[in-house]
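Tertiary structure, described
So you can see what is in the structure, the chains are spelled out below.
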Amino acid sequence: MTDKSYNKPVPEPTPDSRPFWDSLASGRLSFQKCGACGVIRHYPRPMCSACHSMATEWVEASGRGKVHSWTVTHHAFNPGFRDELPMVLATVDMEERVRMNAQLRGVDPASLTIGLPVRVDYEQVREGLTLPFMRVDRPG
Amino acid sequence: MSLREVGIISGIGETAYSRNSGKSVLALQLEAALLAIRDAGLSPRDIDGVLPYGSAVVAEDFITNFGIADLRFSATTPLGGASCVAGIQAALAAIKAGICKHVLLPLGRNGASGTRIAARVQEMPQFHLVGEFEMPIGALAPVQYYAPMARRHMEMYGTTSRQFGEIASSTRGNAILHGNAIMTKPMTIEDHQASRMISDPFRLLDCSLESDGAAAIVVSSADYARDLRSRPVHVMGVAEGHPDSPSAITQRPDLTTLGLAKAAPKAFRMAGVTPADIDVAEIYDCFTYIVLCQLEDAGFCKKGEGGPFVESGAIRLGGKLPVNTHGGLLSQAHMAGMNHVVELVRQLRGEAGATQVADAELGVVTGYGDMGDGAIAVMRRG
Ligand SMILES: [Zn+2]
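Keep in mind that this is a model prediction, so the values were computed, not measured.

Some remarks on the coordination of the zinc ion
Residue and element names in this part refer to chain A. Taken together, the protein donors to the zinc ion comprise Cys34 (SG), Cys37 (SG), Cys48 (SG) and Cys51 (SG), at separations of 2.3 to 2.4 Å. Seen from the zinc ion, its four donor atoms lie at angles of 100 to 116°, and the figure they make is tetrahedral. Within one chain, the residues donating to the zinc ion are spaced in sequence as C-x2-C-x10-C-x2-C. Residue cysteine 37 is found in the loop between strand S1 (30–34) and strand S2 (40–41), and its partner cysteine 51 is found in the loop between S2 and strand S3 (56–60); the two are separated by 14 residues along the sequence. On the basis of relative accessibility, which here comes to 39%, the residue cysteine 37 falls in the partly exposed class. Take cysteine 51: its relative accessible area is 34%, and that puts it in the partly exposed class.

What to know about the interface of chain A and chain B
Counting from both sides, the interface comprises 36 residues of chain A and, opposite them, 32 residues of chain B. Between chain A and chain B, roughly 2800 Å² of surface is buried when both sides are summed, and carbon and sulfur atoms account for 60% of that area. For the chain A face of the interface with chain B, the top three residues by lost area are A:Tyr43, A:Phe77 and A:Arg99, together amounting to 24%. On inspection of chain A and its partner chain B, the count reaches zero salt bridges. Inspection of the region where chain A meets chain B yields 20 residue pairs in polar contact (both at pLDDT 80 or more). Among the elements of the structure, helix H1 (18–25), strand S4 (64–73), strand S5 (87–94), strand S6 (99–105) and strand S8 (129–136) of chain A are those that each provide at least two residues to the side of chain A that touches chain B. Broken down by element, the residue count for the side of chain A that touches chain B peaks at six residues, all from S4(A). Split into classes, the residues belonging to the side of chain A that touches chain B amount to 21 nonpolar, 13 polar and two charged.

Some thoughts on the environment of B:Glu240
All names here are of chain B. The topology assignment puts glutamate 240 in strand S8 (residues 233–241). Glutamate 240 sits in the partly exposed class, given a relative accessible area of 26%. Sequence separation between glutamate 240 and glycine 374 is 134 residues; the distance between their C-alpha atoms is 5.6 Å. Of the polar contacts made by the side chain of glutamate 240, one reaches the side chain of histidine 242; its length is 2.8 Å.

With respect to the sheet that holds S3(A)
Residue and element names in this part refer to chain A. Reading across from one edge, S2-S1-S3 is the order of the three strands in this open sheet, with antiparallel pairing throughout. What marks the edges here is a single partner per strand, and that holds for S2 and S3. As paired elements, S1 and S2 share two bridges and run antiparallel to each other. If you follow glutamine 32 over to S2, its bridge partner there is arginine 41.

Section: a nonpolar patch on the surface
Judged by side-chain polarity, A:Ile114, B:Met156 and B:Tyr157 come together as a nonpolar surface patch covering roughly 250 Å² of accessible area. Among the structural elements, B:Met156 can be located in helix H6 (residues 142–157).

A word on the domain arrangement of chain A
Residues and elements named next belong to chain A. Assigned domains of chain A: these are domain 1 (14–61) and domain 2 (62–140). Averaged C-alpha coordinates put domain 1 and domain 2 at centres separated by 21 Å. Counting residues at the interface gives 13 residues for domain 1 and 14 residues for domain 2. Interface area, domain 1 with domain 2, both sides summed: about 1000 Å², of which 73% is carbon and sulfur. Connecting domain 1 to domain 2 are zero salt bridges. Counting across the domain 1 and domain 2 interface gives two residue pairs in polar contact (both at pLDDT 80 or more). When residues of the side of domain 1 that touches domain 2 are traced back to their parent elements, those giving at least two are H1 and S2. In terms of residue count, the dominant contributor to the side of domain 1 that touches domain 2 is H1 (three residues). For the side of domain 1 that touches domain 2, the class distribution of residues is eight nonpolar, two polar and three charged.

What counts, and at which threshold
Residues numbered from 1 in each chain as written. Chains lettered and ligands numbered in written order. Predicted model: local features only at pLDDT ≥ 70, side-chain atom pairs only at ≥ 80, totals over all residues. Heavy atoms only, no water. Donors = N, O, S within 2.8 Å, 3.2 Å for Na, K, Ca; no water. Tetrahedral: all angles 85-135°; square planar, octahedral: opposite > 155°, others 65-115°. Helix = DSSP H or I, 4+ residues; strand = E, 2+ residues; numbered from the N terminus. Buried < 20%, exposed > 50% of the residue type's maximum accessible area, 1.4 Å probe, protein only. Contact = heavy atoms within 4.5 Å. Buried area = accessible area lost by both parts, 1.4 Å probe. Salt bridge = Lys/Arg side-chain N within 4 Å of Asp/Glu carboxyl O. Polar contact = N/O pair within 3.5 Å; in protein donor to acceptor, adjacent residues only side chain to side chain. Nonpolar A, V, L, I, M, F, W, Y, C, P; charged D, E, K, R; others polar. Pairing = 2+ DSSP bridges. Patch = residues over 30% accessible without salt bridge, like charges linked within 9 Å, V, L, I, M, F, W, Y side chains within 5 Å. Areas by Shrake-Rupley, 256 points an atom, 1.4 Å probe, with all protein chains shown as cover. Domains from an automatic or database assignment.

Now the structure itself:
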C-alpha cells in the first residue's frame, strides 16, 4: 500500500513515544518501564507519576489482556474506516496493568463481555507504520 | 477563605439558536454579550474582566468592539464543556482578589455550519494522546471515547439504553415547551430506541446537537446585588474537578467516575447545602449517559443507581429533580453549557416560562468536557 492511498489518521511520534512505534514496526508490543521504581506505564510520557523519575526503559509486553469495556462503531467519522464498519474498539486490561484501546477483530459483538481474554496482533498498514489490534485469545 | 456569596450572576443573554446563523462567531458572541450586559443594567464599558471560551474569539475582541478602556483581567479555563462553570470559579476568584467587578463569560459558535466536532477535537491540545494512540485505530470522535464509559456502567450496574432514552425524551419535552430550541418534535423512548446506532451503546438520539448561536453571562461582585433591577442569583458554591488520567479515558482506573465526583462535595460544602436540598439541576448533556453519570457523581443518587433514578421520572418537570428545563445540548442547542447557566439563572429568577419549576430557590449547574473534566456551581435566588 502506498502512502498516497492511505487515508486514515497517522500517529506523529514524539521523542517520548517513538520506541513504542518502532517496536510495533518490528512486530513487538512494548511499554515504558520506570528506570527507578519499575512501574510500567502507558501511554508513553516523560515522567513516572509514582516516583517522578524521568529514567525510562522499554519492556516487551506479553500481548495478552482482558476486555475492560468496548464500543461498536457503526458511523464512518472518517471515510478511511467505512469498509471496516461495524468496528469493535476494545478497552483492554493488559497483563502489565496498563490499558490499550485497539480494534478487536473476528468477534461477534453480541458475545462481548468484560473479562474476555484477548491477544495482540499486528498489521503493517503502510510503509513504516504497524498498528496493533486484538483477537480473542482462544484456549489451546 | 471561600468563594461563597462572593458574587452573583448579574446578567444573562442568548441569541436565537439555529443550524445556520449566517453570522460570524464574533458577531454572535457580541450579540449575546450585549444582551447579558444590558440585562445586568451595565454598559459594555463597565466590563473589566473577560473569560473567552477556546481561542476563536479573544479578550482583545471585546476591548476593541466595546471600547473598554482598561480591561483588568482575562483568562481561559480550558476544560472543554466544563469551561463555562469553571469560568464562574475563576471569575469569582478574580472578584474576591479585588482585580475586577464585572466579568463577562461569552460563548458562541457556528458548530453546525462551521467545523464539526470530530474535526475540531483533532486540533485541541487536550486530545494529543488520543490523537497519537487512538485516532489511528479508528477512534476519532468524542462519542467513541465516551461510549466505553457508558458500556462499562451498563455491564457493572445493569443500566439500560431505555434509561438513556428517558433522558433524551424528557429533555426533548422541555425543549419544546421552552421555545428557543432547535429540536421541536416530540420524542418517545421508542423513537430513541429506533434511532440508528452511532457507536454502541450510543444511538443518534443519545448525542447532542451541533448548533450555531451564542450565550453569555456577567458575573458581578455581590456588592452589586443592591443596584440590580432583576432578582440577584447568588453563587453559593463552585468547584472544578479533574478525573484521574484526564487526557486518556482508556487509562482511567474507574471508567464510571468523572471529574465532577471530586468537585461536587467541595461545592456543596461551600454552599452549606446537600443534593437533597436542590430544586432544579441543569446537567451538562453532551450524551445522555453523561447526565446519568453526573447525577451519581454529584450525589443526587448513589453510584450505579442513575438508571433507576431517571427511570422513576425524577428528572421530568414535576419530578423530584427537574433536569435540563431548557432542553440542554441534546435538544435546545450545543452552547457548551453556557445555555445551562443561563437557564438556571432564569429558573432562580422565576422567569423560566413554561418550564418554570415552582418556587425554585436552590439550583445547580454542571459542566463536563475534555474526556471527563467537571465543574459545578450551586446557586440561590436572592
Ligand atoms: Zn517510578
